[in-house]
Amino acid sequence: MGLPFIGETLTFLWYFKILRRPDDFIKSKKQKYGEGVGLYRSHIFGYPSIITCLPESNKFVLQSASDFHIRWPAPELFGLTSLVNVEGKKHTRLKSYVVNAINHPKALRRVAQIVQPRIVSSLRSWANKGKINGLLESKKMTFENICMMFASMEPGPLLDEIDKCFAGLVPGFRAYPLDFPGTAFHHARRCRWRLNAVFREELEKKKQQKESSPGEIGDLMDGLMQIKDEGGKQLTDDEVVDNIVSFVIAGYSSTSYALMWALYHLSNSPEVLRKLREENTAISKEEKDGFITMDDISQLKYTAKVVEETIRMANVAPTLFRVANRDIEYGGYTIPKGWQVVIWLRHIHTDPKNYDHPLSFIPERWDKPAKPGTFQVFGGGHRICAGNMLVRVQLTILLHHLSLGYKWGLTNPGAKIKYLPHPCPEDEAALSFSTL
Ligand code: HEM
């Protein structure tokens with residue numbers, strides 16, 4: 001359980017921040033208490049907790065929707081009525097709409113068309129610069145694509161302003177909720193208000209646009225404005241705005257880190273890059289800037305393995321949080337009512353029992369499917385990531401254009417990796433970048 005009040009939070013920081021050996025946190029527990037059923041009692045991140053870290057125990061929690069509810073730090077920053085916070089029928093209805101709108105094959109065809117010009121022009125601009133910060137450039141490209149896909153917003157001063165607001169909002173999730181001027185939490189709340197105001201204005205513009213020329217605008221915001229429940233009731237304007245802001249939060253950093261890790265691992269893996277080039281050359285197109293379609297993407301079998309391996313190793317979401325709604329029995333142990341449950345996803349992907357040489361980048365491991373339950377990067381159960389295909393498509397398109405047209409290398413191949421808030425090389429993947 002660790003120290004009184006602080007519990008094991010300092011131990012967590014010791015392993016993640018100071019030693020930079022994040023996997024030793026769970027390893028040390030296994031050594032001390034044995035593996036058992038994958039549950040450990042703790043006090044961490046401010047609450048008495050049960051840590052779960054085996055594929056079966058994680059799956060048990062993720063799939064028992066009625067026994068565990070979600071708990072985000074500072075849920076109001078995400079938006080109280082957004083998909084990530086609502087439960088029950090409301091969640092089911094919103095989720096099925098959102099998954100249809102951004103994650104299904106028909107939606108992904110549109111996504112491939114929307115994101116591709118920005119990816120192609122970003123790569124060109126990186127080559128013109130010659131030296132880039134991989135994370136910053138991935139973030140810029142991802143943000144512009146997300147704003148286009150979700151709200152049809154074009155790059156410009158307004159997008160720059162809301163990007164700054166998102167940058168101020170996200171640290172609020174990790175900050176102590178002290179709400180007075182000067183605190184990170186206070187700043188995050190102000191950023192959230194500004195974001196609400198901007199997206200509210202966009203929503204009003206869409207309403208006017210639809211009045212003057214009825215028909216589909218076709219972006220996610222437009223779709224959310226039209227969803228109806230069984231009684232014909234539509235989402236309120238606040239609900240639409242809450243959801244759009246929360247989708248940007250969910251998709252922005254996660255996608256950017258995944259793209260950066262692709263650049264990073266490929267610069268260390270010439271043989272993987274060679275195979276990637278070979279496969280992508282075979283489907284490359286001369287016309288229309290060489291844009292590929294979802295049909296092309298479905299042929300890129302080796303590229304799909306590179307994508308899975310990149311996402312596995314990125315471990316963008318190391319842990320998830322739930323709260324037990326009642327005393328719950330699992331494997332002869334009780335998870336007490338009201339306790340926090342910390343679902344340690346990272347351990348699943350770095351445990352040698354699940355993946356040989358888990359810290360090595362080996363796309364060929366995906367020649368065979370992973371052992372059942374050992375790929376939990378997108379969570380599981382009813383809250384499984386709504387954007388998992390969206391990120392896969394964006395990664396594939398990036399890999400296609402990158403491998404065909406460019407060469408790049410890490411400026412500091414020995415840069416240390418930091419693990420908080422997300423795994424990332426200390427220099428954020430500084431790269432030299434040029435055309436082939
Ligand atoms: C590498 C990229 C990504 C990773 C690793 C990732 C990971 C996750 C995980 C682990 C969850 C489960 C949260 C929980 O159960 O508490 C989740 C949920 C979610 N993700 Fe992602 N995500 C990624 C990209 C995206 C993108 C591009 C979007 C686009 C909007 C997105 C939207 C969402 C949403 C809306 C949820 C909440 C679903 C719900 O509560 O039903 N994610 N994501």
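Source: prediction; values computed, not measured.

S.K.: Looking at this structure, how should I read the pattern of salt bridges?
M.R.: Proximity of charged atoms lets side chains of opposite charge pair with each other. Under the defined criterion, the tally for this structure stands at 32 salt bridges. Its salt-bridge partner being Arg189, residue Asp179 comes within 2.6 Å of it at the nearest N-O pair. Here Arg189 lies in helix α10 (residues 184-212) and Asp179 lies in the loop between α9 (171-174) and α10, a separation of ten residues in the sequence. Under the relative-accessibility criterion, Asp179 is labelled partly exposed at 36%. Accessibility expressed as a relative area gives 26% for Arg189, which makes it partly exposed. The residue Arg392 makes a salt bridge to Glu308 at a minimum N-O spacing of 2.8 Å. A residue pair is termed long-range when its members are at least 10 positions apart, and Arg392 in helix α17 (residues 388-405) and Glu308 in helix α15 (residues 301-314) qualify at 84 residues. The exposure class assigned to Arg392 is buried, which follows from its relative accessible area of 16%. Through salt bridges with shared partners, a single network forms among Arg200, Glu204, Lys207, Asp237 and Asp238.

S.K.: I'm lost on the pairing of strand β12 (residues 430-435) in this one. Help?
M.R.: Each regular strand shows side chains that alternate between the opposite faces of the sheet. In the sheet, strand β4 (residues 131-133) pairs with β12 via three bridges, with the strands oriented antiparallel. Across the sheet, residue Asn133 finds its bridge partner in β12, namely Ala430. Where strand β9 (residues 406-410) lies against β12, five bridges are found, and the strand directions are antiparallel. Counterpart to Leu410 in the pairing with β12 is Leu431.

S.K.: What should I look at first to understand the packing of helix α8 (residues 157-169) against helix α12 (residues 237-267) in this one?
M.R.: Geometrically, a packed helix pair is captured by the angle between its two axes and the distance between the axes. Between α8 and α12, whose axes approach to 11 Å, the crossing angle comes to 75°. With respect to each other, α8 and α12 are oriented roughly perpendicular. The residues of α12 that touch α8, namely those facing Asp163, Phe166 and Leu169, are Val245, Val248, Ile249 and Tyr252. For the contact of α8 with α12, a count of residues per class yields six nonpolar, no polar and one charged.

Conventions we followed
- Numbers given for residues are sequential positions, taken from 1 along each chain in its written order.
- In view of the model being predicted, local features appear only for residues whose pLDDT reaches at least 70, and side-chain atom pairs are presented and counted only at 80 or more, with totals across whole chains, interfaces and linings using the full set of residues.
- Side-chain figures throughout are based on the complete set of non-hydrogen atoms in the structure, without hydrogens or water.
- By salt bridge we mean one thing: a side-chain nitrogen of Lys or Arg within 4 Å of a carboxyl oxygen of Asp or Glu.
- Elements are defined by DSSP. Helices are runs of H or I of four residues or more, strands are runs of E of two residues or more, and each kind is numbered from the N terminus.
- To sort residues, take the accessible area from a 1.4 Å probe on protein chains only and compare it with the maximum for the residue type: under 20% means buried, over 50% means exposed, and anything in between is partly exposed.
- In this scheme, strands are said to pair when DSSP sees at least two bridges between them.
- Axis lines are fitted to C-alpha atoms, over the contacting stretch for helices. Their N-to-C directions set the angle, which ranges from 0 to 180 degrees.
- For classification purposes, angles smaller than 35 degrees are called roughly parallel, those larger than 145 roughly antiparallel, those between 65 and 115 roughly perpendicular, and all remaining angles oblique.
- Whether two residues touch is decided by their heavy atoms; if any such pair falls within 4.5 Å, the residues are in contact.
- Residues are grouped as follows: nonpolar covers Ala, Val, Leu, Ile, Met, Phe, Trp, Tyr, Cys and Pro; charged covers Asp, Glu, Lys and Arg; every other residue, Gly included, is treated as polar.

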